[in-house]
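Examining the three-dimensional arrangement
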Amino acid sequence: MNSVGEACTDLKREYDQCFNRWFAEKFLKGDRSGDPCTETFRKYQRCVQKAIKEKDIPIDGVEFMGPNKDNST
Amino acid sequence: MKENILTYTSNPESLLLTCVCVCVCVCVCVCVCVCVCVCVWCVCVCVCVCVCVCVCVCVCVCVCVCVCVCVCVCVCVCVCVCVCVCVCVCVVSISTHVLTEDVVYREVTADNRLLSRRLLMKTNRLPRWAEHIFPSGISRSVYIIEDSIVDPVNRSLTTYTWNLNHTTLMSVEERCVFQDTVEQPATTQLKREAWISSSVYGFSRPIQEFGLARLKSNQVKSMKGLEYALSNLQGEAPQRPLRDSVKDAAKSLASAAAAPQKPQQYI
């Protein structure tokens, strides 16, 4: 799967690989030791946030799970 | 003395000649057909090449009259044998309509829940009737946000998705909650809810109905996609119970893999 920023796809893949390993081997097993992916995530985010601004994609301004709060279960 | 008299008699009528010809013709025809088949998880493009070999047996009866007029009657019997070779190329890409996927926010909370926000870009496939109504310049891609919470302690995965653009035309929000099934241990239940609205003047009701109908019909595909992803995971470790597979599905949700199990926004 590609990134919305064409130049970011490689950084994204590198981050995803790191995350998947951490998620399966640490997070799901309740291991709360440090996250080894912060640096790769930072590099990837720098690239992708720039691409999002360039493409004018309106991702800001909504709280996490924000719209959901209006909808009742 | 004897005389030898030779007598000639001539037939003043025309002479008729009859001939029978047998011709064998071999024709080779090449046909090319293209067929497109759509499978559940992949798009197959089939190219068929047909080779036809025709064997024709012709029986000709020619009647010639000596005043140089020929009448030929040919009867051909052709037997065609067609051999079709179909080559199917499966583009094994589960969600070809999902073009890009990016994580834009991620956090592990104090109570060890994983919060993520993803930005997805998908094709905007309008039905035929809508293509005529809406300008051809309308963007063919839809941006979607997916917020998710993975809670390994309570063993639940909650996702919430909504579209960022084309919201006047149709706004779709969907929430999925994956949890252990209380009544049936070792199984997972998925609860899906969707909210659809449209602000197109005069058409909001039919558009909402259309959206809802499409969501329901796409459910089948979505669930098959989820089953496919899970079977792949289970293929790796056949002894795994389904619960762990769902967690791994959660892992794949947050990863680079395409997300067929996610509630898709088919606008």
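Residues numbered from 1 in each chain as written. Chains lettered and ligands numbered in written order. Predicted model: local features only at pLDDT ≥ 70, side-chain atom pairs only at ≥ 80, totals over all residues. Heavy atoms only, no water.

Chain B appears in an unreviewed UniProt entry as PRELI domain-containing protein 1, mitochondrial-like from Labrus bergylta.

Looking at an unreviewed UniProt entry, one finds chain A named TP53 regulated inhibitor of apoptosis 1 and attributed to Labrus bergylta. According to the UniProt record, the Sequence similarities (unreviewed entry) comment for chain A reads "Belongs to the TRIAP1/MDM35 family." The Catalytic activity (unreviewed entry) field of the UniProt record for chain A holds the comment "a 1,2-diacyl-sn-glycero-3-phosphate(in) = a 1,2-diacyl-sn-glycero-3-phosphate(out)". (UniProt positions renumbered as here; feature names shortened; annotations may be inferred.)

Our next topic: the confidence of the model for chain B. Residue and element names in this part refer to chain B. Looking at chain B as a whole, the pLDDT averages 69, with 48% of positions reaching at least 70. The weakest mean pLDDT in chain B belongs to helix α3 (residues 242–253) at 44; the strongest belongs to strand β7 (residues 156–163) at 94. Under a pLDDT of 50 for its full length, residues 237–267 has, in the predicted model, 100 contacts with residues more than four places off or in other chains. The ipTM, which scores confidence in the relative placement of chains, is 0.91 for this predicted complex, and the corresponding pTM is 0.62. (pLDDT = per-residue confidence, 0-100. Helix = DSSP H or I, 4+ residues; strand = E, 2+ residues; numbered from the N terminus. Contact = heavy atoms within 4.5 Å.)

Moving on, we come to helix α1 (residues 9–25) of chain A. Since one α-helical turn is 3.6 residues long, residues separated by three or four positions face the same way. For α1 of chain A, with 17 residues, the first-to-last C-alpha span of 24 Å sits near the 24 Å given by 1.5 Å per residue. For α1 of chain A, the full list of buried residues reads Thr 9, Lys 12, Tyr 15, Asp 16, Cys 18, Phe 19, Trp 22 and Phe 23 of chain A. (Expected span 1.5 Å × (residues − 1). Buried < 20%, exposed > 50% of the residue type's maximum accessible area, 1.4 Å probe, protein only.)

The next point concerns the state of the cysteines. Here, disulfide denotes a covalent bond that connects the sulfur atoms of two cysteines. All names here are of chain A. The tally for this structure, following the rule as stated, stands at 2 disulfides over all chains. A sulfur-sulfur distance of 2.0 Å marks the disulfide that ties Cys 8 to Cys 47. For the disulfide bridge between Cys 8 and Cys 47, the dihedral angle about the S-S bond is near -85°, and by the sign convention the bridge is left-handed. Of this pair, Cys 8 sits in the segment before α1 while Cys 47 sits in helix α2 (residues 38–54), placing them 39 residues apart in sequence. Exposure class is identical for Cys 8 and Cys 47. Each is buried. Cysteines bonded in chain A are numbered consecutively along the chain; their disulfide partners then correspond to 1-4, 2-3. (Disulfide = S-S within 2.5 Å.)

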